[in-house]
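Residue strings, one per chain:
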Amino acid sequence: MGSCATISAMSTPLLPLQDRFGRQVNYLRLSVTDRCDFRCVYCMAEDMRFLPKREILGLEQLYDISAAFVQLGVKKIRLTGGEPLVRNNVLWLVERLGQLDGLEKLVMTSNGAQLDKYAAPLRKAGLSGINISLDSLRPERFRALTRTGDLAKVLRGIDAAQQAGFERIKLNAVIMNGRNDDEILDLVDFVRDQRLDISFIEEMPLGQISEHDRALTFCSSDSIRERIHQRYPLTASTETSGGPSRYYRMADSDSRIGFISPHSHNFCHLCNRVRLTVEGRLLLCLGNEHSLNLKPIVDQYPGDTERLRAAIIEAMDLKPERHHFSLDDEPQIVRFMNTTGG
Ligand code: SAM
Ligand code: SF4
């Protein structure tokens with residue numbers, strides 16, 4: 001990599017980030033690209049326009065902002081997108097972030113399509129955990145839901161991640177009535193068999209999509225849990241992965257079954273996260289537009305850690321109390337999930 005104005009995480013005392021409602025922010029989700037090799041029907045429109053290169057943060061800038069967050073007490077960073085593995089040189093970023101003092105967990109959410117190639121180098125570079133999205137185990141349906149994806153490749157990616165030594169790999173599945181809700185038990189059997197965890201996600205109204213009516217396909221976590229419970233009795237667990245999933249256990253398996261329920265079980269009061277888009281917008285909530293643009297700061301004052309940290313601290317006051325997702329109205333949030341990072 002060329003020379004860059006990087007920020008040392010060593011010298012500054014920890015200043016915890018706290019919002020107006022007393023919530024501590026210790027988790028940053030970093031969208032490293034808005035681009036993706038899939039076009040999942042719930043995430044993107046078929047015909048997407050992506051950001052031009054001049055509008056996105058360089059890898060060094062992503063590193064500098066992450067380092068500032070770690071200095072301010074952030075313990076966990078998730079690389080996401082878009083698809084993080086389509087960003088050029090993302091391994092460089094993983095390697096640098098992996099060396100940040102004070103960062104306890106460096107994890108990624110990926111569609112898995114390139115993990116057969118990247119799983120081992122990512123592990124070596126310091127990635128500590130990985131979530132892989134998988135909504136169907138049927139090749140044709142998988143292709144239809146992702147519009148471009150090849151199921152066999154993703155399954156090879158999951159295998160490669162296991163071989164590379166990632167522990168507690170978690171699958172993410174967005175369940176939609178009439179599209180893939182008949183595969184809930186197949187997905188549970190798959191994770192039991194492969195010794196993986198899984199989270200079932202309620203679809204969120206981010207961006208205008210055309211392929212289905214979200215109000216009609218909405219599948220609540222409770223109904224999914226009930227269907228699983230009839231085959232495999234579930235016991236609520238107090239475990240947390242530091243994210244929004246509520247976990248359940250089965251008596252005869254190590255696999256954890258999680259539910260991410262933005263509609264039916266609001267988790268905003270426990271929110272410990274903020275998000276950075278690849279344009280440099282610090283989003284204080286997935287379901288609101290409250291944000292601060294950090295790009296002018298890292299563009300105009302490279303290496304000015306004080307200024308960056310002060311801006312981040314100030315932004316905490318913008319964090320709203322909760323999201324107000326509704327399935328009945330037009331989406332209030334026009335950005336698609338690939339911009340925000342899941
Ligand atoms: N491309 C990577 C992937 O798919 O894993 C990372 C980014 S993706 C935006 C992160 C997660 O968000 C995925 O698990 C995806 O299923 C989920 N997601 C995308 N759009 C969503 C929506 N509208 N509602 C709920 N989850 C969504
Ligand atoms: Fe790409 Fe992930 Fe969005 Fe699917 S969910 S289109 S894989 S960013």
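Structure shown above.
Residues numbered from 1 in each chain as written. Chains lettered and ligands numbered in written order. Predicted model: local features only at pLDDT ≥ 70, side-chain atom pairs only at ≥ 80, totals over all residues. Heavy atoms only, no water.

**So, the pairing of strand β12 (residues 273-276)**
The condition that has to hold: Throughout, exposure labels follow a simple rule: accessible area from a 1.4 Å probe, protein chains only, divided by the maximum for the residue type, with under 20% read as buried, over 50% as exposed, and the rest as partly exposed. Helix and strand labels come from DSSP, where a helix needs a run of H or I of at least four residues and a strand needs a run of E of at least two; each type is numbered from the N terminus. Only strands that DSSP links by at least two bridges are regarded as paired with each other.
Residues of β12 alternate between two faces, with R273 and R275 on one and V274 and L276 on the opposite face, all of them buried. Inspection of the sheet shows strand β3 (residues 27-31) paired to β12 by four bridges, in the parallel sense. By the bridge assignment, Y27 is partnered in β12 with R273. Sheet topology note: the β12/strand β13 (residues 281-283) ladder contains two bridges and is antiparallel. Across the sheet, R275 pairs through a bridge with L283, a residue of β13. The antiparallel pairing of β12 with β13 creates a hairpin that spans four residues between the two strands, and G280 there sits at a positive phi of about 95°.

**So, the side chain of N180**
As a reminder, the rule being used: Polar contacts, as used here, are pairs of N or O atoms within 3.5 Å; protein pairs need one atom able to donate a hydrogen and one able to accept it. Residues neighboring in sequence count only if both atoms are side-chain atoms.
Inspection of the secondary structure assignment puts N180 in the loop between β7 (170-174) and α6 (184-194). Separated by 3.0 Å, the side chain of N180 and the backbone oxygen of D135 make a polar contact.

**Things to note about the sheet that holds strand β14 (residues 291-293)**
The criterion, for reference: A fitted line through C-alpha atoms serves as each axis, taken over the contacting stretch for helices, and the angle formed by two N-to-C directions is quoted from 0 to 180°.
Reading across the sheet, the twelve strands line up as β9-β10-β11-β8-β7-β6-β5-β4-β3-β12-β13-β14 and stay open at both edges, with mixed pairing between neighbours. The sheet terminates laterally at β9 (234-236) and β14, the two strands that pair on one side only. Adjacent strand axes in the sheet meet at a mean angle of 25° when their direction is disregarded.

**Description of the packing of helix α1 (residues 59-71) against helix α2 (residues 90-98)**
For any two helices packed against each other, one specifies the inter-axial angle together with the distance between the axes. Filter applied, for reference: We call two directions roughly parallel when the angle between them is under 35 degrees, roughly antiparallel when it is over 145, roughly perpendicular when it lies between 65 and 115, and oblique otherwise. Put simply, a crossing is left-handed when the front helix is turned counterclockwise from the back one by less than a right angle, and right-handed when it is turned clockwise. Residue contacts follow a heavy-atom distance rule, with two residues in contact if any of their heavy atoms lie within 4.5 Å. Amino acid classes used here: Ala, Val, Leu, Ile, Met, Phe, Trp, Tyr, Cys and Pro are nonpolar; Asp, Glu, Lys and Arg are charged; the rest, including Gly, are polar.
At a minimum axis distance of 10 Å, the contact between α1 and α2 shows a crossing angle of 25°. As summarised for this structure, α1 and α2 are arranged roughly parallel, according to the angle between their axes. Seen along the crossing, α1 lies across α2 with a hand that is right-handed. Residue-level inspection shows L59, E60, L62, Y63 and S66 of α1 in contact with α2, the latter providing W92, L93, R96 and L97. Grouping the amino acids of the contact of α1 with α2 by side-chain chemistry returns six nonpolar, one polar and two charged.

**With respect to helix α8 (residues 221-231)**
Selection criterion: The directions considered for the arc are those from the helix axis to the C-beta atoms.
Residues of α8 that are buried include every one of S221, I224 and I228, and no others. Axial view of α8: buried residues confined to an arc of 65°, hence all on one face.

**Details of the pairing of β3**
Heads up, the condition is: Here, the term right-handed applies to a crossover whose path from the first strand over the helix to the second runs clockwise when the strands point away from the viewer.
Among the five residues in β3, five count as buried, and that is most of the element. Covered by surrounding structure in β3 are Y27, R29 and S31 together with L28 and L30, the residues of both alternating faces. For β3 and strand β4 (residues 76-80), the ladder comprises five bridges, and the chain directions are parallel. Bridging across to β4, R29 finds its partner in R78. Note that the unit made of β3, α1 and β4 has a crossover that is right-handed.

**Quick notes on the site of ligand 1**
Operational definition: The cutoff for a nearby residue is simple: one of its non-hydrogen atoms must lie within 4 Å of the molecule or strand. To be clear on the numbers: accessible area is Shrake-Rupley with a 1.4 Å probe, and residue cover counts the displayed protein chains and nothing else.
If you check the shell around ligand 1, you find 19 residues, and the closest are Y42, G82, T109, S133 and M204. Residue G82 places a main-chain N or O atom 3.0 Å away from a nitrogen atom belonging to ligand 1. A distance of 2.6 Å separates an oxygen atom of ligand 1 from a polar atom in the side chain of S133. When the free accessible area of ligand 1 is taken as 540 Å², the share hidden by the protein chains comes to 96%. At the level of elements, β5 (105-110) and β7 are the ones that each hand at least two residues to the shell around ligand 1. Each residue belonging to the shell around ligand 1 can be placed in one class, and the counts come to six nonpolar, nine polar and four charged.

**Remarks on the packing of α1 against helix α10 (residues 305-315)**
Running from amino to carboxyl end, α1 crosses α10 at an angle of 65°, the nearest separation of the two axes being 10 Å. Between α1 and α10, the angle falls in the class roughly perpendicular. When you trace α1 past α10, the crossing you get is right-handed. Between α1, through D64, I65, A68, F69 and Q71, and α10, the contact on the second element is made entirely by L308, R309 and I312. Grouping the amino acids of the contact of α1 with α10 by side-chain chemistry returns five nonpolar, one polar and two charged.

**A closer look at the environment of L283**
On the secondary structure map, L283 appears in strand β13. Linking L283 and M316, residues 33 residues apart in sequence, is a C-alpha distance of 10.0 Å.

**Concerning the pattern of salt bridges**
Which entries qualify depends on this criterion: Each salt bridge in this description consists of a side-chain nitrogen of Lys or Arg and a carboxyl oxygen of Asp or Glu lying within 4 Å of one another.
Counting across every chain of the model gives 20 salt bridges. Where E203 meets R214, a salt bridge forms, and the shortest distance between an N and an O atom there is 2.6 Å. Of this pair, E203 sits in the loop between β8 (197-201) and α7 (214-217) while R214 is found in helix α7, placing the two residues eleven residues apart along the sequence. When its relative accessible area of 7% is taken as the criterion, E203 is described as buried. A relative accessible area of 9% means that R214 is categorised as buried. Ionic contacts of the salt-bridge type, sharing partners, join the residues R138, R141, D182, E183 and D186 into one network.

**What to know about the packing of aromatic side chains**
Basically, it comes down to this: Stacked, tilted and edge-to-face pairs are distinguished by plane angle, under 30 degrees for stacked and over 60 for edge-to-face with tilted covering the rest, among Phe, Tyr and Trp rings (Trp via its six-membered ring) whose centres lie within 6.5 Å. Any Lys NZ or Arg CZ that is within 6 Å of a ring centre and within 35 degrees of that ring's normal is treated as a charge sitting over the ring.
This model, assessed by the stated rule, comprises three aromatic pairs. Ring geometry for F38 against F142: centres 5.9 Å apart, planes inclined by 85°, an arrangement best described as edge-to-face. Remark: F142 occurs in helix α4 (residues 139-146) and F38 occurs in the loop between β3 and α1; sequence separation between them is 104 residues. Each member of the pair, F38 together with F142, is buried. Three or more aromatic residues joined by ring pairs make a cluster, and in this case those are F200, Y248 and F259. Over the face of the ring belonging to Y247 we find R256, whose NZ or CZ atom lies 4.5 Å from the ring centre. Residue placement shows R307 over the ring face of Y301; its charged tip is 3.6 Å from the ring centre.

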